[in-house]
Amino acid sequence: MLNQTSDHTGLELGLARLKRLAPEGYALGLHIRFASAHIMVQTYRPDWIELYTNRGYMMCDPLVSWGFAVVGTSRWSELDHPDPHNVIGQAAEFGLRFGVAISHGPTNSRTIGGFARNDREFTDEEIEKIRETVVLLHEESTPPESLTAAQRHALRLVASGHRYAEAAALLGVSESALKARLKAARERLYARTTAEAIQRAQEYKLL
């Protein structure tokens with residue numbers, strides 16, 4: 001079982017475990033709020049991801065609509081939601097022939113994932129292992145309810161257009177200290193860039 005930790009190690013371990021459990025890849029949106037996931041991970045074939053994205057299938061994917069309506073697990077073959085664009089059928093043409101859908105969390109912060117293989121249906125035991133991992137990843141990646149005052153001030157100054165040197169001078173700290181605060185904010189928000197951290201902080205009303 002995946003151990004929970006206080007840093008990103010738990011996430012990395014969980015995602016690595018999902019990769020082993022889903023040989024043909026997976027798509028996992030953690031804490032979906034306002035139609036945007038706090039963390040989105042996709043390991044399906046690049047050509048399928050490109051097709052799925054370009055055609056806007058997320059808006060009509062039966063896995064997604066099921067995930068917002070139900071909390072639990074379901075094999076793709078057992079989903080009873082409409083699939084007017086035959087998303088599941090098209091996925092099979094890219095090697096995603098068998099799959100399981102997982103949904104967890106409250107409606108205002110739902111985690112939804114799809115996990116695939118091409119040789120057979122997932123067993124009940126495999127589905128339970130995937131579900132356990134998704135639940136732990138959901139808990140591990142819960143968006144923060146606050147930032148430190150130093151992190152908020154640093155993000156606000158950069159968001160308002162100040163260069164790092166200018167922001168550091170206004171805060172009365174060195175530029176390296178400012179960068180350390182921004183890095184800490186990025187890590188807390190699971191953001192890859194400072195711009196992404198600012199966007200997420202604003203979405204979560206932390207600034």
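The present account deals with the structure reproduced in this document.

Thresholds, definitions, all that
Numbering of residues begins from 1 in every chain and follows the order in which that chain's sequence is written. Restriction of local features to residues with pLDDT of at least 70 applies here, the model being predicted, together with a cutoff of 80 or more for giving and counting side-chain atom pairs; totals for whole chains, interfaces and linings are based on all residues. As a rule here, side-chain values come from all non-hydrogen atoms in the structure, and water together with hydrogens is ignored. Helix and strand labels come from DSSP, where a helix needs a run of H or I of at least four residues and a strand needs a run of E of at least two; each type is numbered from the N terminus. Angles run from 0 to 180 degrees between N-to-C directions of axes, and those axes are lines fitted to C-alpha atoms, restricted for helices to the stretch in contact. Under this scheme an angle from 65 to 115 degrees is roughly perpendicular, one under 35 degrees roughly parallel, and one over 145 degrees roughly antiparallel; angles in between are oblique. Any two residues whose heavy atoms approach within 4.5 Å at even a single point are treated as in contact. Criterion for a salt bridge: a side-chain nitrogen of Lys or Arg within 4 Å of a carboxyl oxygen of Asp or Glu. Residue burial is assigned from relative accessible area. The probe radius is 1.4 Å, only protein chains are included, and a residue is buried under 20% of its type maximum, exposed over 50%, and partly exposed in between. For two strands to be treated as a pair, DSSP must find at least two bridges joining them.

1. Brief notes about unusual backbone geometry
Part 1 of the argument: Positive phi values are uncommon outside glycine, yet N86 reaches one of about 55°.
Part 2 of the argument: Examined against the element boundaries, N86 turns out to sit in the loop between β3 (72-75) and α4 (87-93).

2. A short note on the packing of helix α7 (residues 164-171) against helix α8 (residues 175-189)
Part 1 of the argument: The contact between α7 and α8 brings their axes to 8 Å, and the two run at 100°. Judged by the angle between their axes, α7 and α8 are roughly perpendicular. Residue-level contacts link Y164, A165, A167, A168 and L171 of α7 to E175, L178, K179, R181 and L182 of α8.

3. Details of the pattern of salt bridges
Part 1 of the argument: Counting across every chain of the model gives 11 salt bridges.
Part 2 of the argument: Of the charged contacts, one joins R117 and D119 as a salt bridge, the two residues approaching to 2.6 Å between their closest N and O atoms.
Part 3 of the argument: E196 is the partner of R200 in a salt bridge, and the nearest nitrogen-oxygen pair spans 2.9 Å. Taken together, the residues R200 and E196, both in helix α9 (residues 194-203) and 4 residues apart, mark about one turn of the helix. Each of the two residues, R200 as well as E196, counts as buried.

4. Topic: the pairing of strand β2 (residues 36-42)
Part 1 of the argument: Both strand β1 (residues 26-33) and β2 contribute to a ladder of 6 bridges, which runs antiparallel. Bridging across to β2, A27 finds its partner in Q42.
Part 2 of the argument: The antiparallel hairpin formed by β1 and β2 contains 2 residues in its connecting segment, where F34 sits at a positive phi of about 55°.

By themselves, these figures tell us nothing about what the structure is for.
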